[in-house]
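Secondary and tertiary structure notes
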Amino acid sequence: MALGLAAALRRSELVALQLADLELVREGLKLTIRHSKTDQEGAGQVIAVPSGKVLKPGPRLNEWLSVRGGEAGPLFYRTDAQGMMTKEPMSDRSVARLIQRYAEKVGLDPAAVGAHSLG
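Residues numbered from 1 in each chain as written. Predicted model: local features only at pLDDT ≥ 70, side-chain atom pairs only at ≥ 80, totals over all residues. Heavy atoms only, no water.

On to unusual backbone geometry. Despite not being glycine, Ala-8 has its phi angle at roughly 55 degrees, a positive value. By the element assignment, Ala-8 lies in the loop between helix H1 (2–6) and helix H2 (11–16). Judged by its relative accessible area of 45%, Ala-8 falls in the partly exposed class. Positioned with a positive phi, Lys-56 is a non-glycine residue whose angle comes to about 50 degrees. (Helix = DSSP H or I, 4+ residues; strand = E, 2+ residues; numbered from the N terminus. Buried < 20%, exposed > 50% of the residue type's maximum accessible area, 1.4 Å probe, protein only.)

By rolling a water-sized probe across the atoms, one finds the places where empty space is left. Here the largest pocket is characterised by a volume of approximately 430 Å³. What lines the largest pocket is a set of 17 residues, among which Met-1, Trp-64, Phe-76, Met-90 and Leu-98 lie closest to the centre. Sorting the residues of the lining of the largest pocket by element identifies H1, helix H3 (57–68), strand E4 (77–79) and helix H4 (92–105) as the ones contributing at least two each. For the lining of the largest pocket, the residue count by class is 14 nonpolar, one polar and two charged. (1 Å grid on protein atoms, 1.4 Å probe; cavity = no way out; pocket = protein on both sides within 12 Å on 5 of 7 lines; lining within 4 Å. Points joined across faces, edges and corners; volume = space filled by probe spheres on them. Nonpolar A, V, L, I, M, F, W, Y, C, P; charged D, E, K, R; others polar.)

Here we take up the confidence of the model for the chain. The predicted model of the chain has a mean per-residue pLDDT of 87, with 91% of residues at 70 or higher. In the model of the chain, H4 stands out as the element of lowest mean pLDDT, 88, in contrast to strand E2 (residues 28–33), which has the highest, 93. (pLDDT = per-residue confidence, 0-100.)

Following this line, the structure appears as structure tokens:
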């Protein structure tokens, strides 16, 4: 979620990221967005994501990568019904459910949180 928020990504853009779309640099991250709602032709664009002091997407992403491993494929994997990580990409609907679950934990109405865009 930190990466999606820091990069102001849509859910669909976040779950479409591949490991190869990520470049760790001293100042933070470079992400290649290959296709988006506003880029129907798929020209793509590279965006910079600074390290930050609050969300800290770089360190959080490094923690995830230590679990995920360095195998090519989706940056974020789906989990199965038993909570086991698969090699399938996470769905944008899963991101919405996570946002709604945590919204409820902090006292917000989950029905009022759409999570269309994390930015």
